Every structure is written in structure tokens, then in C-alpha cells.
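Examination of the molecular architecture
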Amino acid sequence: MSDNELGTFLRTWRESVTPVEVGLPAGPRRRTPGLRRAELATLAGVSVEYLTRLEQGRDRNPSAQVLGALADALQLPLRDRMLLRRLTKEADGGDPLLCAAAPSLGRTARPTVRAVLDRLEPTPAVVLNWIGDVLAHTGGYARLVGPIGLLDVERPNLLRYLFIDERARAAYPDWDRMADDLVAQLRHEAPLRDPYVTELAEELTVTVGAPFTDRFADLGAAPRRAGTQHVEHPEAGPLRLLHETLALPEEGQRIVVHLPADDATAAALDRLNGRRPGALRAVRPAG
């Protein structure tokens, strides 16, 4: 992992925001993508020298007022403001209050969570921890991902499968977007300085290389909690699924539920589950 993630985050956002977006003239041809340091410093009301120290990692403890000014100048959404605050705490050695409250990595799902899964049948649904371990799932999920190999190992992990198993790229036509989301979740939603994230990241860095490391280094990417996923299923054919994520923050876990996005997918899942037509109904995506 980088030892200057706060500086990398600030520089990445500065280079992604255009002058026009913050009310500045575009001016002549620019060598620097996005905003110049002097422009961001002026907008935030800090000196160029101080912003340089932050980006280079020579100052790792900006005040809340400076963070707020930089976030306002960069027009950061709420999720990225929270990440900026978190990176500041991490750069300063971690927040003892937050670190002490972080849950231990769960390897099992609570009985009540399993009861929720029982009531979701035959909908494909899975419980994951923050490193992507599959902790529990519905029978519908097993019928969805079993034929593509995700559950072949004793302790399935969604990230390992996606990046290491060759079948994943054939099964997921939108593999790149799925990889973006999973790495962003690993990057942003685990506890501060988590050793399990470090261990998994080092493993995938060695075994996979750039397809993983480039995404892991991208602090600007935020995970989507909902979206559309395409699956080329060897038994059911092409599927178009919506997914919704339900967070279990005290356990550091999440439930991901997959729903058919069209009638053809609903019918295909019914056949896959051995259910009568209409057991699963399509959910029309917004827009």
C-alpha cells in the first residue's frame, strides 16, 4: 500500500476536476490535467506551499477546517468527504476510537441473517465480509454461481474468483466494472489498517499484478451499492440482474441480493430453480 494515500487522494481529485466545473476560465492549453495547485489553493484559501506539503506527504495532519475547504473546493460528494477524513486519520497513525470499535473479521453469518436468507429464496442472495469471503447464501445463489465455478473451493472468495479464475471473465461480460466495484469496496469499506486487506492485497498483487494493483491504487473510485450485472450462464443463458447491497456495519458484512431486470431473466431463473413461471418477477431498473 502507498504510505501517502491522503496526498494521492488530493492530487487525484485535483487532476480530475476541470476549471470550468469550479467556475474558473479554461484558459489556454494546459499542461496539467484538471486544476493547478495554485488554483486549488486559491479556491480553498490555503497556500500553495501547504497544499504541496499535503500532496507530497510532508504534512499529514490538516485541520478539519482545511479539509472542509479542500472538500468544498473540489466539490466532493459525501462519500468522498468521509473517505478524505478517514485517510487523514490513517495518515496520522489511525483514530484509536475508530480502530477500537472496528469489528473483527467475520467468518460466519449470524443465525438471524441466515433466517433472512431463508426468506429470500429462491432469490440469489449472498452474505460477504469486507474482503469478499462468501459466508452464507441462498440456494438460488448457489444455482446462479455454482455452474460458473465460484463455489468450487472450500472457502469461496469473490475477489479471488474474479481475478484468478479464468471462468470469471467468460461469465461476466462487464468484468471490468465488476472488478472496479469489488476493489473499491475492499479499499474503502474495511476498517483502518486492516491486516486481512493487506494480506489479500499482497496476494493479488503477486498473482494478478496490474489488473488488481491499478484499481487498488485508485482512491477516487467509489463502490456502487446498486447496479446492473450481466451473466453468461452455462445453463440458463444470458442473464441481466439488478443487485442491491444491504450493509451489516456492526459485523463488517453485507448482503447482496440479485433480482431479474427483465422478464427473460426472471423466466430463466425460474427454470434454473425448478420453480413455476412467475416465482421471480422482473424489477424494472430506474430510468
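Residues numbered from 1 in each chain as written. Predicted model: local features only at pLDDT ≥ 70, side-chain atom pairs only at ≥ 80, totals over all residues. Heavy atoms only, no water.

1. Notes on the overall build of the chain
From N to C terminus, the chain includes 14 helices and five strands. Projecting the C-alpha coordinates of the chain onto the three principal axes gives extents of approximately 65 × 45 × 35 Å. Burial status across the chain gives 49% buried among its 287 residues. Once local pairs closer than 6 in sequence are excluded, the contacts in the chain between residues at least 24 apart make up 54%. Surface summary for the chain: the accessible area is close to 14400 Å², and the carbon and sulfur share equals 53%. (Helix = DSSP H or I, 4+ residues; strand = E, 2+ residues; numbered from the N terminus. Buried < 20%, exposed > 50% of the residue type's maximum accessible area, 1.4 Å probe, protein only. Contact = heavy atoms within 4.5 Å. Areas by Shrake-Rupley, 256 points an atom, 1.4 Å probe, with all protein chains shown as cover.)

2. Focus: the sheet that holds strand 2 (residues 134-137)
Spatial strand order, 2-1-5-4-3: five strands in an open sheet with antiparallel pairing. Of all the strands in the sheet, just strand 2 and strand 3 (226-233) have a single pairing partner and so form its edges. Averaged over all neighbouring strand pairs, the angle between strand axes comes to 30°, with direction disregarded. Where strand 3 and strand 4 (residues 237-248) come together, eight bridges link them in antiparallel fashion. Each bridged residue has a counterpart across the sheet, and for His-233 the counterpart in strand 4 is Gly-237. (Pairing = 2+ DSSP bridges. Axes fitted to C-alpha atoms, helices over the stretch in contact; angles between N-to-C directions.)

3. Details of the packing of aromatic side chains
According to the stated counting rule, one finds four aromatic pairs in the structure shown. Judged by centre distance (6.4 Å) and plane angle (50°), the rings of Phe-9 and Trp-13 are tilted. Separated by four residues within a single helix, Phe-9 and Trp-13 lie in helix 1 (residues 5-16), roughly one turn from each other. In terms of burial, Phe-9 and Trp-13 fall into one category: buried. Seen from their ring centres, Phe-163 and Trp-175 are 5.4 Å apart, and the 80° between their planes marks the pair as edge-to-face. (Phe/Tyr/Trp six-rings, centres within 6.5 Å; stacked < 30°, edge-to-face > 60°.)

4. Some points on the confidence of the model for the chain
Residues with a pLDDT of 70 or more make up 91% of the chain, whose mean pLDDT is 86. Taken element by element, the predicted model of the chain shows its lowest mean pLDDT in helix 6 (residues 96-101) (45) and its highest in strand 2 (97). Predicted confidence for residues 96-101 stays below pLDDT 50, and this span has three contacts to residues more than four positions away or in other chains. (pLDDT = per-residue confidence, 0-100.)

5. Quick look at the nonpolar core
Ranked by internal contacts, the top residues of the largest apolar core, which has 42 residues, are Leu-159, Leu-162, Phe-163, Tyr-172, Leu-186, Phe-212 and Leu-239. A total of six residues in this core trace back to one element, the largest contributor, which is helix 11 (residues 175-189). Look past the residues within four positions of Phe-163 in its chain and what remains in contact with it is Trp-175, Ala-179, Val-183, Leu-204, Val-208, Pro-211, Phe-212 and Arg-215. Core analysis: the second largest hydrophobic core is formed by 26 residues, Leu-10, Leu-35, Ala-69 and Ala-73 among them. (Core = buried A, V, L, I, M, F, W, Y, C linked by side-chain atoms within 4.5 Å.)

6. Some details on the side chain of Glu-39
On the secondary structure map, Glu-39 appears in helix 2 (residues 37-44). Residue classification places Glu-39 among the buried positions, given a relative accessible area of 15%. In this structure the side chain of Glu-39 is engaged in a polar contact, spanning 2.8 Å, whose partner is the backbone nitrogen of Arg-36. If sequence neighbours within four positions are ignored, Glu-39 has contacts with Leu-24, Arg-30 and Gly-34. (Polar contact = N/O pair within 3.5 Å; in protein donor to acceptor, adjacent residues only side chain to side chain.)

7. Observations regarding helix 14 (residues 263-273)
Buried within helix 14 we find Thr-265, Ala-266, Ala-268, Leu-269, Asp-270, Leu-272 and Asn-273. Those residues of helix 14 that are buried lie in contact with helix 8 (139-145), strand 3, strand 4 and strand 5 (253-260). Gly-274 occupies a position one or two residues after helix 14 and carries a positive phi of about 70°.

8. As for the pattern of salt bridges
For the coordinates displayed, the defined rule picks out 14 salt bridges. Of the charged contacts, one joins Glu-39 and Arg-36 as a salt bridge, the two residues approaching to 3.4 Å between their closest N and O atoms. Assessed through its relative accessible area of 35%, Arg-36 is described here as partly exposed. Note that Arg-81 is salt-bridged to Asp-72, the shortest N-O span being 2.9 Å. It is possible to trace a salt-bridge network through shared partners that takes in Arg-14, Arg-37 and Glu-55. (Salt bridge = Lys/Arg side-chain N within 4 Å of Asp/Glu carboxyl O.)

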